[in-house]
Amino acid sequence: MLTVNAYAAPSATEPLVPTTFERRDVGPRDVLIDIKYCGICHSDIHTVRGEWGGIEYPLAPGHEIAGIVTEVGSEVTRHAVGDRVGVGCMVNSCRECVNCLKGEEQYCVQGNIGTYNATDRDGTTTQGGYTSAVVVDEDFVLRIPEGVDLAAAAPLLCAGITTYSPLRHWGVGEGKKVAVVGLGGLGHMGVKLAHAMGAEVTVLSQSLKKQEDGLRLGADHYYATSDPETFKELAGRFDLVLNTVSAKIDVNAYLKLLAVGGALVNVGAPPEPLEVNVFTLLNNRSSFAGSMIGGIAETQEMLDFCAERGIGAEVEVIPASKINEAYERVMNSDVRYRFVIDNSTLAG
Ligand code: NAP
Ligand code: ZN
Ligand code: ZN
């Protein structure tokens, strides 16, 4: 067993505090990763604050992990000591069900094993990337190509794949009009990726205060959703509206922005239900859909796509002592555009 330094939530209502956890011994198919950086995803906050329920405390969140391999098991073939690697939201799945066999392990019929707050195959609760090291089955470890800085690569493991996968699935490319709702961690990756795929990209943000950034990140247009004129002007415009908002919004207003046959895809995961008026769907043959992260093969494809184009996340690297402050800033939509923990500061 290896003892690792960590930052963990003792309960739903207390700040995260320094602590330690034990990692399992490196098994024949395992990789030990020295974590260099871990992104702070809004899902970490939903989870540790108990908004999605079912938490076992103490819990170290973090599923945007980038680091270096320091040990491999005897049967490992995909990774070697010294490799730059990443781990996203899953660390295992059944590997036998129809979805696992299709490479969509995130939709494993038995449920994928989450990087944190899940029961691992040894029966323990998984602990995430706000830790100094992690042991993961080699099949759930991704290669981070040279050319993407490790800190900028970390958020690709969740924010990157969560936006890449639906953009691909709904056929985004040249000639498509895409709106990204919310310019936070996921939203800014959605803008970069949809732009790189050749789409015409519009940001729908609560205000215009991040407009300059949005246009620099690759958006063609930028509108404030606090202005009712926005919804009149953009009615019927988009092939795809990607909703990355962490809170409940009036989805019917956004469904009206779709062209006939368009799709509103939710990646944002507020705890409250979203109410859909079916007439907004049937009047326009629209779809109201959701999407969860992406499979392992698609995550590798996304990392390679990003590396070829020099795409990384825009990050603000923070020491572990600033995690609780960063949480408050994320809650206030004051993030440009992902906080990333420097895991060397976890000690003590
Ligand atoms: P984030 O960085 O906090 O970004 C969310 C953005 O939504 C904010 O920056 C803000 O953008 C907008 N927003 C926040 N509150 C709002 C409100 N009350 N009304 C309207 N807009 C609001 O969060 P994130 O890390 O990108 O995560 C976003 C959501 O996706 C979370 O719910 C997270 O759990 C979920 N998620 C889902 C998956 C998946 O697999 N589907 C994966 C990762 C995360 P503006 O300031 O531009 O308005
Ligand atoms: Zn996430
Ligand atoms: Zn499965």
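The name given to the protein in an unreviewed UniProt entry is alcohol dehydrogenase (NADP(+)), and the organism recorded there is Actinosynnema mirum. Per UniProt, the protein has the following entry under Sequence similarities (unreviewed entry): "Belongs to the zinc-containing alcohol dehydrogenase family." Its UniProt record gives the protein the following Catalytic activity (unreviewed entry) comment, quoted word for word: "a primary alcohol + NADP(+) = an aldehyde + NADPH + H(+)".

Donor atoms from the polypeptide that bind the zinc ion (ligand 3) are Cys 94 (SG), Cys 97 (SG), Cys 100 (SG) and Cys 108 (SG), placed at 2.3 to 2.4 Å. For the zinc ion (ligand 3), the 4 donor atoms in the first shell make angles of 103 to 120° at the metal, so the coordination geometry reads as tetrahedral. Counting gaps between the donor residues of the zinc ion (ligand 3) yields the pattern C-x2-C-x2-C-x7-C. For Cys 94, a relative accessible area of 19% puts it in the buried group.

With respect to burial, helix α4 (residues 159-169) is a largely interior element, 9 of its 11 residues being buried. Within the span of α4, buried status applies to Ala 159, Gly 160, Ile 161, Thr 162, Thr 163, Tyr 164, Ser 165, Pro 166 and Leu 167. Next to the buried residues of α4 lie β10 (177-181), α5 (185-196), β13 (238-243), β14 (258-266), α10 (296-309) and β17 (338-342). One or two residues past the end of α4 sits Gly 171, with phi positive at roughly 70°.

What follows covers the sheet that holds strand β15 (residues 287-290). To summarise the sheet geometry, strands pair through backbone hydrogen bonds and adopt either a parallel or an antiparallel arrangement. Taken together, 6 strands build an open sheet; the order of strands is β12-β11-β10-β13-β14-β15 and the sheet is parallel. Of all strands in the sheet, those with a lone pairing partner are β12 (221-224) and β15, marking the two edges. Going across the sheet, the axis of each strand differs from the next one's by a mean of 20°, ignoring polarity. In terms of strand pairing, β14 meets β15 through 4 bridges, oriented parallel. Across the sheet, the residue bridging to Asn 266 is Gly 290, located in β15. Taken strand by strand, α4 contacts β10, β13 and β14, and its axis lies near 160° from that of β13.

Definitions and cut-offs
Residues numbered from 1 in each chain as written. Chains lettered and ligands numbered in written order. Predicted model: local features only at pLDDT ≥ 70, side-chain atom pairs only at ≥ 80, totals over all residues. Heavy atoms only, no water. UniProt positions renumbered as here; feature names shortened; annotations may be inferred. Donors = N, O, S within 2.8 Å, 3.2 Å for Na, K, Ca; no water. Tetrahedral: all angles 85-135°; square planar, octahedral: opposite > 155°, others 65-115°. Buried < 20%, exposed > 50% of the residue type's maximum accessible area, 1.4 Å probe, protein only. Helix = DSSP H or I, 4+ residues; strand = E, 2+ residues; numbered from the N terminus. Contact = heavy atoms within 4.5 Å. Pairing = 2+ DSSP bridges. Axes fitted to C-alpha atoms, helices over the stretch in contact; angles between N-to-C directions.

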